[in-house]
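# Descriptive analysis of the structure
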Amino acid sequence: MKNWNPITTAQDVLTIIENSVEKPQIIFKDSVTCGISAYAKERLVSGNDLLIAKADFNYLDLLSYRSVSNFIADELNVIHQSPQIIVLKNKEVVYRVSHHSIQPEDIAKYL
């Protein structure tokens, strides 16, 4: 998606955390070879309008950037999962969900 910001470095993650003070931030960790992840991504694309007006959407291809995915888990104190959604507000994780539970309508409630 055009309005999905790529995450490729640990510095990108730190910037996302800082930006969460001004606007909610969504991190989507995607395993591009996983069918469950593809299904979650499809739901996110379909529900993009529910999310993008309320938050910045940040995308991580965790197979290409596994070390960044590990950094996210350590920095935000969340268990690594894939696919995974993490919502940040004011530098805090306010919502996290994975696998089949990823639903745009539910994510929007935390923005």
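To keep things clear, this report deals only with the structure shown in the data block. The shown structure was predicted, so the numbers you read here are calculated from the model rather than taken from an experiment.

The next thing to look at is the sheet that holds strand β3 (residues 56-61). Pairing in this open sheet of 5 strands is mixed, and the strands run β1-β3-β2-β4-β5 from one edge to the other. At either end of the open sheet lies a strand with only one pairing partner, and these are β1 (4-6) and β5 (92-98). Strand-to-strand twist in this sheet, taken as the mean axis angle between neighbours without regard to direction, amounts to 25°. As defined by bridge partners, strand β2 (residues 25-30) adjoins β3 across 6 bridges and the pair is classed as parallel. Residue Asp30 lies in a different strand from β3, and its bridge partner there is Asp61. Across the sheet, helix α1 (residues 10-19) is in contact with β1, β2, β3 and β4 (84-89); its angle to β2 comes to roughly 150°. Docked against the sheet, helix α2 (residues 35-46) engages β1, β2, β3 and β4, running at close to 150° with respect to β2.

A few words now on the nonpolar core. Ranked by internal contacts, the top residues of the largest apolar core, which has 17 residues, are Ile26, Phe28, Leu44, Leu51, Ile85, Ile102 and Ile107. Where this core is concerned, the elements lending two or more residues are β2, α2, β3, β4, β5 and α5 (104-108). Apart from residues lying up to four places away in sequence, Phe28 is in contact with Trp4, Ser37, Lys41, Leu44, Phe57, Asn58, Tyr59, Leu60, Pro83, Gln84, Ile85 and Ile102.

Closest axis-to-axis distance for the α1/helix α4 (residues 66-76) pair is 9 Å, and the angle between their directions is 40°. α1 and α4 meet at a crossing whose hand is right-handed. Within the contact between the two elements, α1 uses Ala10, Val13, Leu14 and Ile17 and α4 uses Val68, Phe71, Ile72, Glu75 and Leu76. Its residues placed into classes, the contact of α1 with α4 shows 8 nonpolar, no polar and 1 charged.

What counts, and at which threshold
- Residues numbered from 1 in each chain as written.
- Predicted model: local features only at pLDDT ≥ 70, side-chain atom pairs only at ≥ 80, totals over all residues.
- Heavy atoms only, no water.
- Pairing = 2+ DSSP bridges.
- Helix = DSSP H or I, 4+ residues; strand = E, 2+ residues; numbered from the N terminus.
- Axes fitted to C-alpha atoms, helices over the stretch in contact; angles between N-to-C directions.
- Contact = heavy atoms within 4.5 Å.
- Core = buried A, V, L, I, M, F, W, Y, C linked by side-chain atoms within 4.5 Å.
- Buried < 20%, exposed > 50% of the residue type's maximum accessible area, 1.4 Å probe, protein only.
- Left-handed = near helix turned anticlockwise from the far one by under 90°.
- Nonpolar A, V, L, I, M, F, W, Y, C, P; charged D, E, K, R; others polar.

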